[in-house]
Amino acid sequence: EVEIIDRDGTSLAKLSSPAVTIGKDETKTVSAQQHVQGLHFWSWGYGYLYDVKTRLLSVAHSSQLLDEAIATTGFRKTAFEHGQTILNDRPIMMHGYAQRTSNEWPGVGMSVPAWLSDYSNALMVESGGNLVRWMHVCPWKQDVESCDRVGLIQAMPAGDAEKDVTGRHWEQRVELMRDAIILADRKSVV
């Protein structure tokens, strides 16, 4: 069962899949889909996020809850066509900042609280920027989540000193990008 909950705590939809039997040490992919009305699309300067609860229920034991995972995410429509970036059916000109990935502040360095990341990233939005291109390496989880909240699009570099690499350096780049995608998939906008 999948439930979509808005930021006010209202349940917008519950999606279910057909019952599936899963044996010991077995893996299965289960899917559920449904049109959901009333979604607020995440957009530049409008970081609307939802909690999506995924539950594993036992049909044999009166729908007993076996496991639950909660992902915070947003929904948007994107396209890249005719030389344009389209966000939620509207062209958007990308402009913004190439921010140091450390995103530090004087006096506290990189040990900033989440509210300061929100303040810093919101300054980019308030100045008219709609994109932050982090320098040299992917940002930390706190800034990924902050940009989602304030509605700031991110471009994440691969950590390869911005040049072609081979051998172990290529493998490290792949590992870093894999980890960044997993982080973004768990706590980001889709």
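Residues numbered from 1 in each chain as written. Predicted model: local features only at pLDDT ≥ 70, side-chain atom pairs only at ≥ 80, totals over all residues. Heavy atoms only, no water.

**Side note on the overall build of the protein chain**
Here's step 1: Secondary structure summary: the protein chain contains three helices and ten strands in total.
Here's step 2: Reading the protein chain from its N end, one meets helices and strands in the order β-β-β-β-β-β-β-β-α-β-α-β-α.
Here's step 3: Considering only C-alpha atoms, the protein chain reaches an extent of 55 × 45 × 45 Å along its principal axes.
Here's step 4: With 190 residues in all, the protein chain has 31% of them scored as buried.
Here's step 5: Expressed as a percentage of contacts within the protein chain between residues at least 6 apart in sequence, the contacts between residues at least 24 apart total 54%. (Helix = DSSP H or I, 4+ residues; strand = E, 2+ residues; numbered from the N terminus. Buried < 20%, exposed > 50% of the residue type's maximum accessible area, 1.4 Å probe, protein only. Contact = heavy atoms within 4.5 Å.)

**Concerning the packing of aromatic side chains**
Here's step 1: Counted under the stated rule, the structure contains four aromatic pairs.
Here's step 2: Look at Y46 and Y48: their rings are 5.8 Å apart centre to centre, the planes differ by 35 degrees, and that puts the pair in the tilted class.
Here's step 3: Ring geometry for Y50 against F75: centres 5.6 Å apart, planes inclined by 50 degrees, an arrangement best described as tilted. Note that Y50 is positioned in strand β3 (residues 50-58) and F75 in the loop between β4 (64-73) and β5 (78-81), a separation of 25 residues in sequence.
Here's step 4: Within the aromatic cluster, the residues linked to one another by ring pairs are Y46, Y48, Y50 and F75. (Phe/Tyr/Trp six-rings, centres within 6.5 Å; stacked < 30°, edge-to-face > 60°.)

**Things to note about the pairing of β4**
Put simply, side chains in a regular strand alternate between the two faces of the sheet.
Here's step 1: Across nine bridges, β3 lies against β4 in antiparallel orientation. Opposite D51, over in β4, you have T72 as the bridge partner. (Pairing = 2+ DSSP bridges.)

**Points about the sheet that holds strand β9 (residues 131-133)**
Here's step 1: Pairing in this open sheet of three strands is parallel, and the strands run β8-β9-β10 from one edge to the other. Strands with a single pairing partner mark the edges of an open sheet, and in this sheet they are β8 (96-97) and β10 (153-155).
Here's step 2: Pairing analysis gives two bridges linking β8 to β9, with the strands arranged parallel. Paired with G96 across the bridge in β9 is L131.

**Quick look at the environment of S62**
Here's step 1: Its place among the elements puts S62 in the loop between β3 and β4.
Here's step 2: Owing to a relative accessible area of 71%, S62 belongs among the exposed residues under this scheme.
Here's step 3: C-alpha separation for the pair S62 and K163, spaced 101 residues apart in sequence, amounts to 56 Å.

**Quick look at helix α1 (residues 114-126)**
In an α-helix, one turn spans 3.6 residues; hence positions three or four apart end up facing the same way.
Here's step 1: Compared with the 18 Å implied by 1.5 Å per residue over 13 residues, the 18 Å span of α1 between its first and last C-alpha is a close match.
Here's step 2: Against the buried residues of α1 lie β8, β9 and α2 (141-150).
Here's step 3: Backbone geometry just after α1 places G128 at a positive phi near 105 degrees. (Expected span 1.5 Å × (residues − 1).)

**Some remarks on the side chain of R55**
Here's step 1: Along the chain, R55 turns up in strand β3.
Here's step 2: A polar contact of 2.6 Å, which involves the side chain of R55, links it to the side chain of E3.
Here's step 3: Contact partners of R55, with chain neighbours within four places excluded, come to E1, E3, L65, D67 and E68. (Polar contact = N/O pair within 3.5 Å; in protein donor to acceptor, adjacent residues only side chain to side chain.)

**With respect to the sheet that holds β5**
Here's step 1: The three strands are arranged β5-β6-β7 in an open sheet whose pairing can be described as antiparallel. Edge strands, defined here as strands with exactly one partner in the open sheet, are β5 and β7 (90-91).
Here's step 2: The sheet contact formed by strand β6 (residues 84-87) and β7 spans two bridges and is antiparallel. Each bridged residue has a counterpart across the sheet, and for I86 the counterpart in β7 is P91.

**Concerning the layout of surface pockets**
Here's step 1: Here the largest pocket is characterised by a volume of approximately 650 Å³.
Here's step 2: Lining the largest pocket are 23 residues, and of these E1, S17, R55, L56 and L57 sit closest to its centre.
Here's step 3: Listing elements by their share of the lining of the largest pocket, those giving two or more residues are β3 and β4.
Here's step 4: In terms of residue class, the lining of the largest pocket is built from 13 nonpolar, six polar and four charged. (1 Å grid on protein atoms, 1.4 Å probe; cavity = no way out; pocket = protein on both sides within 12 Å on 5 of 7 lines; lining within 4 Å. Points joined across faces, edges and corners; volume = space filled by probe spheres on them. Nonpolar A, V, L, I, M, F, W, Y, C, P; charged D, E, K, R; others polar.)

So far we have only geometry, and geometry alone does not tell us how the molecule works.
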